[in-house]
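Close look at the chain arrangement
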Amino acid sequence: MIYKKLSLSVLLFAAGFLTASAQKSPQDMDRFIDALMNKMTLEEKIGQLNLPVTGEITTGQAKSSDIAAKIKKGEVGGLFNLKGVEKIREVQKQAVEDSRLGIPLLFGMDVIHGYETMFPIPLGLSCTWDMTAIEESARIAAVEASADGISWTFSPMVDISRDPRWGRVSEGSGEDPFLGAMIAEAMVRGYQGKNMERNDEIMACVKHFALYGAGEAGRDYNTVDMSRQRMFNDYMLPYEAAVEAGVGSVMASFNEVDGIPATANKWLMTDILRGQWGFNGFVVTDYTGISEMIDHGIGDLQTVSARAINAGVDMDMVSEGFVGTLKKSVQEGKVSMETLNTACRRILEAKYKLGLFDNPYKYCDPKRPARDIFTKAHRDAARRIAAESFVLLKNDSPDGNPNGNPLLPFNPKGNIAVIGPLANSRSNMPGTWSVAAVLDRCPSLVEGLKEMTAGKANIMYAKGSNLISDASYEERATMFGRSLNRDNRTDQQLLDEALNVARRSDIIIAALGESSEMSGESSSRTDLNIPDVQQNLLKELLKTGKPVVLVLFTGRPLTLNWEQEHVPAILNVWFGGSEAAYAIGDALFGYINPGGKLTMTFPKNVGQIPLYYAHKNTGRPLKEGKWLEKFRSNYLDVDNDPLYPFGYGLSYTTFSYSDIDLSHSSMDMNGSLTAAVEVTNTGTWPGSEVVQLYIRDVVGSSTRPVKELKGFQKIFLEPGEMKIVRFKIAPEMLRYYNYDLQLVAEPGDFEVMIGTNSRDVKTAKFTLN
């Protein structure tokens, strides 16, 4: 151990409470923490619950920072969003050497979809339907973050959302709880490894508990109000899955649940999280989550702080409500010492499990950044996974001939025009919530394609338009260093330049859509069209008669009716991360065959929202394929169907599905059956296909959705190859929370559906006895 004074850790080591191997049996941990807490003052215990933001600390100046005095007094349990191993080592040294007890700090960061090597935004990542790739992305993020001193990430975000107006859909995994649960488990495994013993394994934090993605009107931080039955059937599963995977921490959400802000909601934080699910880690608030409850209207800072800790919250991010008021609340009997001790113990246990008492500098090896961050191997993985996330939305012949050759892929030769406000921006490529990314290190689409086609094709560029006609809107949509450098020429001048380039080209790549900060936190939108000047640019490019590929950048589902009708090829690339430019080239030129599948429904119209596949029937459902039928549940101006359904995504090849073969037509509560389909690659390209299993409970004691995802398999087929895909169906797959919140599988009739997306399925029926 590296100490200049005999800290408590050294004394405990000498007393036999701490071994060099940092034994982690429950008895050893309890004995260690008991001894430590017996030494702690009331103020030091409260200090462990305090998580302030660091502000700017430069190496060599940590002792003079505002936070240094608080660390010395033992008033800080951890810090977040401090970047750089030397800075973190310096601050950790203060905690270990300058505070009375030498308790090390946690260092957290928003490592959301990569550290410096950036992977696709989480919504894009989910469209891979590849749990191995998703876990790999988290594993690489953990390796890089830990190399730079970070021991804790505020990820994964597992909030289910069915409203694309909400900007933070970009940070989640879409609309489905079954898929979301699998992704939550994969992310936790990737970050934490087996047990967080290694110095390249970090603690994960599942967020935001709970229901954050269901805010009214798609507005961030907004009120959530739903039945508990819906909570458990549609929203809770991914959080529970993360807990079952052993996640070390949970973040409370900003919204209220059942009229009580989540941060003060004992039913959520204690009854469900700990009592029902058995979570034994710690709960941290979101940024200023405690003080924000004053505006919610449930009390002053002392009152809301007491309510939070009494509800089961252990750590206060930024508000300083705990360090500012808990001593008084304890003295007044509003918070018991038992409650305070429990919260303090949970923080200390996390540090113990991470091995920080054994080695406070576990994550502070100055040799690791050069070796482990932004390596070629990591970038190669990012490129491969980015390409896997792209969703081919349309791929027709450029002349509209249904029997003609699809536009994509194309041979990189001749003159290729790359046009659009997203075509030559480095800073927008990583996507939102790329806190640690070095933004100017990510090649723009133009730069990447030029590099890939050197000596084969001539890449020509024109911006074509600004992001949007409203300059103030563009400023709001390009924050945090993501400026698109608004061009002060007129819209017509920008368009004329683009058309001049387009007319000299053989093919046009239109790089359009959202900027990276048009989605993300506090980036809700009511209009989900491609912005006005970009739409006009696209229409004019199509008028040239040249083949046009729309390379769509977006952090959410957009309304693309006109584009679907008129543009021959649409490739949704989300925001693909550090290597996105190369991955896009790989897809356009046919070096890979895109196989991503949507994890959120794309509506035709904002007025359809919320629109999701697992909806319920009304008593007057509209018959399939019908519109309009009076006195049925429908609209006068648009049909009920999405533009692109959940699970949708095309390929450069085609796949056929046989009818479903059920091993039995019925099963009992102790049995199972198998559903099998033959899937054949009927095209000329090798490619991947996500075979999706949906089940419908036809008759229940409570109403049930028209279908629910219950399984999937991602397979790879050569041209002409056939595979039999089998799914085992057991009674536990048929369970749901009934009106009394009992998890039950009820006897009766079921439909099993297997297909390429949630709409295009084969169907069979069975009975549960």
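Higher on the page you've got the structure.
Below is a summary of the structure that appears in this document. (Residues numbered from 1 in each chain as written. Predicted model: local features only at pLDDT ≥ 70, side-chain atom pairs only at ≥ 80, totals over all residues. Heavy atoms only, no water.)

Secondary structure summary: the protein contains 23 helices and 27 strands in total. For 769 residues, the compact-globule estimate of 2.2 N^0.38 gives 27 Å, and the C-alpha radius of gyration of the protein, at 27 Å, lies within 12% of that figure. Dimensions of the protein along its principal axes, counting C-alpha atoms only, are 80 × 65 × 50 Å. Here the analysis covers contacts within the protein between residues at least 6 apart in sequence; of these, 78% occur between residues at least 24 apart. One way to put it: in the protein the 82 positive side-chain charges average out to a point 2 Å from where the 95 negative ones average out. (Helix = DSSP H or I, 4+ residues; strand = E, 2+ residues; numbered from the N terminus. Rg over C-alpha atoms; globule rule 2.2 N^0.38 Å. Contact = heavy atoms within 4.5 Å. Lys, Arg positive; Asp, Glu negative; His and termini not counted. Charge placed at Lys NZ, Arg CZ, Asp CG, Glu CD.)

Pairing between the strands of a sheet comes from backbone hydrogen bonds, and it takes one of two forms, parallel or antiparallel. Spatial strand order, β5-β6-β9: 3 strands in an open sheet with parallel pairing. Two strands lie at the open edges of the sheet, namely β5 (205-209) and β9 (282-284), each paired on one side alone. Averaged over all adjacent pairs, the angle separating strand axes in this sheet is 30°, with direction ignored. Note that β5 and strand β6 (residues 249-252) share 3 bridges and pair parallel. Residue Phe209 lies in a different strand from β6, and its bridge partner there is Ala252. (Pairing = 2+ DSSP bridges. Axes fitted to C-alpha atoms, helices over the stretch in contact; angles between N-to-C directions.)

Let's shift gears to a negative patch on the surface. Negative charge collects at one region of the surface, where Asp470, Asp491, Asp527 and Asp532 lie side by side. As for its placement among the helices and strands, Asp470 is situated in the loop between β13 (457-462) and α19 (471-476). According to the relative accessible area criterion, Asp470 is partly exposed, its value standing at 35%. (Patch = residues over 30% accessible without salt bridge, like charges linked within 9 Å, V, L, I, M, F, W, Y side chains within 5 Å. Areas by Shrake-Rupley, 256 points an atom, 1.4 Å probe, with all protein chains shown as cover. Salt bridge = Lys/Arg side-chain N within 4 Å of Asp/Glu carboxyl O. Buried < 20%, exposed > 50% of the residue type's maximum accessible area, 1.4 Å probe, protein only.)

Below, the discussion takes up the sheet that holds strand β12 (residues 414-419). Strand order in the open sheet formed by 6 strands is β11-β16-β15-β14-β12-β13, with mixed pairing between adjacent strands. Two strands close off the open sheet at either side, each with one partner strand: β11 (391-395) and β13. Sheet twist, expressed as the mean angle between neighbouring strand axes with direction ignored, is 20°. Judged from the 6 bridges that link them, strand β14 (residues 507-513) and strand β15 (residues 548-553) form a sheet pairing that is parallel. Looking across to β15, one finds that Gly513 is bridged to Phe553. In this fold helix α18 (residues 445-452) packs onto β12, β13, β14 and β15, with an angle of close to 170° to the strand it touches most, β13.

For the structure shown, the criterion picks out 26 aromatic pairs. Geometrically, the ring pair formed by Phe232 and Tyr737 is tilted, given 5.1 Å between the ring centres and 45° between the ring planes. Taken together, the residues Phe232 in helix α9 (residues 228-235) and Tyr737 in strand β24 (residues 736-737) connect sequence positions 505 residues apart. Classification of Phe232 by relative accessible area gives buried; the value is 7%. Here a set of aromatic residues connected by ring pairs shows up, and it is made of Trp129, Phe178, Tyr613, Phe646, Tyr694 and Phe712. For Lys630, the ring lying beneath its charged end belongs to Phe631, and the centroid distance is 6.0 Å. We note Arg704 situated over the ring of Tyr736; from NZ or CZ to the ring centre the distance is 4.0 Å. (Phe/Tyr/Trp six-rings, centres within 6.5 Å; stacked < 30°, edge-to-face > 60°. Lys NZ or Arg CZ within 6 Å of the ring centre and 35° of its normal.)

The next point concerns the nonpolar core. Counting residues in hydrophobic clusters, the biggest one holds 131 residues, and the most contacted among them are Trp152, Phe209 and Met236. If you look at the next biggest cluster of nonpolar residues, it comprises 84 residues, including Met157, Ala386, Ile416 and Leu528. (Core = buried A, V, L, I, M, F, W, Y, C linked by side-chain atoms within 4.5 Å.)

What follows concerns the pairing of β6. In β6, alternate side chains face the same way, and those of Ser249 and Met251 on one face and Val250 and Ala252 on the other are all buried. Where β6 meets β9, 3 bridges bridge the pair, whose relative direction is parallel. If you follow Met251 over to β9, its bridge partner there is Val284.

Looking at where Arg368 falls in the secondary structure, it is placed in helix α16 (residues 368-372). Here Val143 takes part through its backbone oxygen, which lies 3.0 Å from a polar atom of the side chain of Arg368. Residues in contact with Arg368, not counting those within four places in the same chain, are Val143, Ser146, Ala147, Asn199, Asp200 and Ile373. (Polar contact = N/O pair within 3.5 Å; in protein donor to acceptor, adjacent residues only side chain to side chain.)

In this structure, the largest pocket spans a volume of roughly 1400 Å³. Every residue lining the largest pocket is counted, 42 residues in all, and those nearest its centre are Tyr613, His615, Asn617, Asp641 and Val706. Of all the elements in the fold, those that place two or more residues in the lining of the largest pocket are α9 and β26 (748-755). The dominant element in the lining of the largest pocket, judged by the number of residues it contributes, is α9, at 4 residues. Of the residues in the lining of the largest pocket, the class split is 15 nonpolar, 14 polar and 13 charged. The volume enclosed by the second largest pocket comes to roughly 710 Å³. Forming the boundary of the second largest pocket are 28 residues, of which Phe178, Leu237, Lys710, Glu732 and Arg735 lie nearest the centre. Ranked by the residues each element gives to the lining of the second largest pocket, the list is headed by helix α8 (residues 177-192), at 5 residues. (1 Å grid on protein atoms, 1.4 Å probe; cavity = no way out; pocket = protein on both sides within 12 Å on 5 of 7 lines; lining within 4 Å. Points joined across faces, edges and corners; volume = space filled by probe spheres on them. Nonpolar A, V, L, I, M, F, W, Y, C, P; charged D, E, K, R; others polar.)

Position of Ala457 relative to the elements: it lies in strand β13. Beyond its immediate chain neighbours, meaning those up to four positions away, Ala457 contacts Pro412, Lys413, Gly414 and Ile416.

Now for the side chain of Glu116. On the secondary structure map, Glu116 appears in the loop between β3 (106-109) and α6 (122-126). Excluding residues within four positions of it along the chain, Glu116 makes contact with Lys83, Glu144, Ile373, Phe374, Ala436, Ala437, Val438, Arg441 and Ser578.

With that settled, the discussion passes to the packing of helix α2 (residues 26-39) against helix α15 (residues 337-353). Packing of α2 against α15 leaves a shortest axis separation of 10 Å and a crossing angle of 125°. When the axis of α2 is compared with that of α15, the two are oblique. Crossing hand, α2 versus α15: right-handed. Of the residues in α15, those touching α2 at Asp28, Met29, Asp30, Phe32, Ile33, Asp34, Leu36 and Met37 are Asn341, Cys344, Arg345, Leu348, Glu349, Tyr352 and Lys353. By residue class, the composition of the contact of α2 with α15 is 8 nonpolar, 1 polar and 6 charged. (Parallel < 35°, antiparallel > 145°, perpendicular 65-115°, else oblique. Left-handed = near helix turned anticlockwise from the far one by under 90°.)

Here the focus is empty space enclosed by the protein. According to the stated counting rule, one finds 5 cavities of 30 Å³ or more in the structure shown. Lining the largest cavity are 14 residues; nearest its centre among them are Pro122, Pro156, Ser173, Ile183 and Met187. One number sums up the size of the second largest cavity: a volume of about 90 Å³.

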